[in-house]
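Working through the structure, step by step
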Amino acid sequence: MIRRVLIANRGEIALRIIRACRELGIESVAVHSDADARAPHTLAADRAVAIGPAPASESYLSIPRVIEAATSSEADAIHPGYGFLSENAGFAEACAQAGIIFVGPPASVITTMGSKIAARGIAGAAGVPVVPGQTPGDQSDAGVTVAVERVGLPALIKASAGGGGRGMRVVREAGEVAGAVQAARREATAAFGDGTLYVERLIETPHHVEVQIFADGHGAVMHLFERECSVQRRHQKVIEESPSPMLTPGLRARVTGAAVAVARSAGYRNAGTIEFIVDLSGKGGDAAPFYFLEMNTRLQVEHPVTEQVTGLDLVRAQLLVASGEPLPWTQASVCQRGHAIEARVYAEDPARGFIPQAGRLVQYHEPHLPGVRIDSGVAEGSEVTVYYDPLIAKVIATAESRPLAIGRLAAALRAFSVGGIRTNLPFLVRILELDAFRDGRIDTGFLDREGAALATSLPVESPISNPQSLTPLRGPLPPGPVNPQLMDPWNGVPSRSASIRPGPTGRRARSAGVGQLVLTAPMPATVLKVPVKPGDTVKKGEVVVLLEAMKMELPIRAPSDAIVAAVVCREGELVQADATLVELK
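Every residue gets a number counted from 1 within its own chain, in the order that chain's sequence is written. This being a predicted model, a pLDDT of at least 70 is required before a residue's local features are given, and a value of 80 or more before pairs of side-chain atoms are given or counted; all residues contribute to the totals for chains, interfaces and linings. Heavy atoms throughout the structure, all of them, feed into the side-chain values; hydrogens and water do not.

What follows is about the packing of aromatic side chains. Whether two aromatic rings pair depends on their centres lying within 6.5 Å, for rings of Phe, Tyr and Trp, where Trp uses its six-membered ring; planes under 30 degrees apart make the pair stacked, over 60 edge-to-face, and the rest tilted. Taken as a whole and assessed by the stated rule, the structure comprises 10 aromatic pairs. Ring centres of Y60 and Y388 lie 5.6 Å apart, and the angle between their planes is 80°; on these two criteria the pair is classed as edge-to-face. Linking Y60 in the loop between β3 (47–52) and α3 (63–72) with Y388 in the loop between β21 (383–384) and β22 (391–399), this pair joins segments that are 328 residues apart in sequence. Y388 matches Y60 in its accessibility class, with the two residues each being buried. Among the aromatic residues, those joined into a ring-pair cluster are Y60, F84, Y387 and Y388. Should the NZ of a Lys or the CZ of an Arg lie within 6 Å of a ring centre and within 35 degrees of the ring normal, that charge is described as sitting over the ring. The aromatic ring of F354 is capped on one face by R233, whose charged end is 3.7 Å from the ring centroid. When the ring centre of F437 is taken as origin, the NZ or CZ atom of R402, which lies over that ring, is 4.9 Å away. Runs of E in the DSSP output that reach at least two residues are strands. Runs of H or I that reach at least four are helices, and both are numbered from the N terminus. For every residue, the accessible area obtained with a 1.4 Å probe (protein chains only) is divided by the maximum for its type, and the residue is called buried under 20%, exposed over 50%, and partly exposed between those limits.

Here's what the structure looks like:
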């Protein structure tokens, strides 16, 4: 058996792995950046090792520093969790070279299945249908543009590496292609170090269904049923559940059988997920068409949903398989029991275009209710920083039926108390109340179409600048006209955003000259790109500054046709909230 595990991650998943290690009598070693020196996962582990400054590139994403932490602590295994280095074949290979067990698949399998292009080939060879598309041999912008033309519009430009919606852009108009290719490549390179792209036909209203698979080193490959993940924003999952309300028994058998075939064909080992899109726009029932989407060669954020309906501990099984033992269950012994549903609680402001939030949790009380599980990595007083993903907690409700599970989750979310920063808690409750959700009719594009309208009907949370007022106000947003010059920085939808306001320095109490506007940072962020210079003429909606915060790009757009009067920020600079970026006239 593995004796000591270093956990190359942070937050709630690090705590989840620590708990599994403790139950197995395995010592746990946490790693932490300077920003996480007093974080809950750092304090909970048997040992803790500092690995560098707050930026992930200098700590959690540094392979040499993580390997050094493992060797210095004499860990014989590394569990990567999800995100960070979990799907990095180079990291898995570095573990092997250092004589350290990697709790996951072999590096060769991560390489193959981590490439969406190669994974499509594996799925096709296994007889599993894939979404029609093109993989351009010419990876220049022009080459990818030609692939889009061949596939036809609307199309989806996707990064070959990684996941989580990074490096993905929808193209509906010919004039959008060039910008979408550049944005997808830039985001993919920043997130995964690989800007390789491919193109798929866009299926307009699909359901996203994924299958949890597990394989050991003794020839066993099995599935642990499916999860419905169609409630997502910009390809980021928001709510997941199992069983899927849209799958008939016959369709479930086809989808899970296809997942096992792909995993077996890939020579997979340990836990993984095969993702599919199901097209219910035409033929439904047992014969509904579905397509292989990608494989995640790691544990998923939403794995608790599967654990709740099967009664199995996936992290424990990961450690057993990594130790060389066979899977502790057989396919015939696993069944779905009742219904489980998970909601992701994020530090973000739905009323301002879901902008991520940063700050101190001056109040944090999790609900303790029957049938409710909370997986979190924070505590009261914790700092939500700009350096990492804004996920605060996962709330999982389990009951004997789907309606009861939904009601239980809604009650838990209403009882969740967070003060000091804004969260998506009211937005999650609003989704659960929708007839479309309760009827199982939400497709993957629903929130991108309807999310802004839903956000305007939310209760108003206490402002971040006033932590003394911690009780959310009930009822609709306060009346009053929306300033047409205040635009949602994500997509240009009018909102009460503070990212654009009058004033030559970006400070309140100062007035701008006639016809002048100052664009400011809505939150602490890194300046990725400044595509304009003083004297340039910009059109309404044109991106004048591209920021990055909490693993997401944040475009700041011109609110109207204007001339750039001054550029105050620099590419690569870390700017604080309300910092002046660009002055327009």
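This is not the end of the story, as more comes after the structure.
Counting residues in hydrophobic clusters, the biggest one holds 69 residues, and the most contacted among them are I239, L413, F437 and L547. Here, residues are in contact when the closest pair of their heavy atoms is within 4.5 Å. Among residues more than four places away in sequence, those in contact with L413 are A343, V345, V395, L425, L428, V429 and L432. Nonpolar cores were defined as sets of buried Ala, Val, Leu, Ile, Met, Phe, Trp, Tyr and Cys residues, with membership established by side-chain atoms within 4.5 Å.

With that out of the way, let us pick up the packing of helix α5 (residues 107–114) against helix α6 (residues 116–125). Only the contacting stretch of a helix is used when fitting its axis, a line to C-alpha atoms as for every element, and angles between N-to-C directions run 0 to 180 degrees. Following both chains from N to C, one finds α5 and α6 inclined at 90°, their axes separated by 5 Å at the closest point. When the axis of α5 is compared with that of α6, the two are roughly perpendicular. Here α5 contributes T112, M113 and G114 to the contact with α6, which in turn contributes K116, A118, A119 and I122. Nonpolar residues are Ala, Val, Leu, Ile, Met, Phe, Trp, Tyr, Cys and Pro. Charged residues are Asp, Glu, Lys and Arg, and all others, Gly as well, are polar. Its residues placed into classes, the contact of α5 with α6 shows 4 nonpolar, 2 polar and 1 charged. Working rule for angles: under 35 degrees goes down as roughly parallel, over 145 as roughly antiparallel, 65 to 115 as roughly perpendicular, anything else as oblique.

Interpretation note: all reported values are geometric properties and have no functional meaning in isolation.
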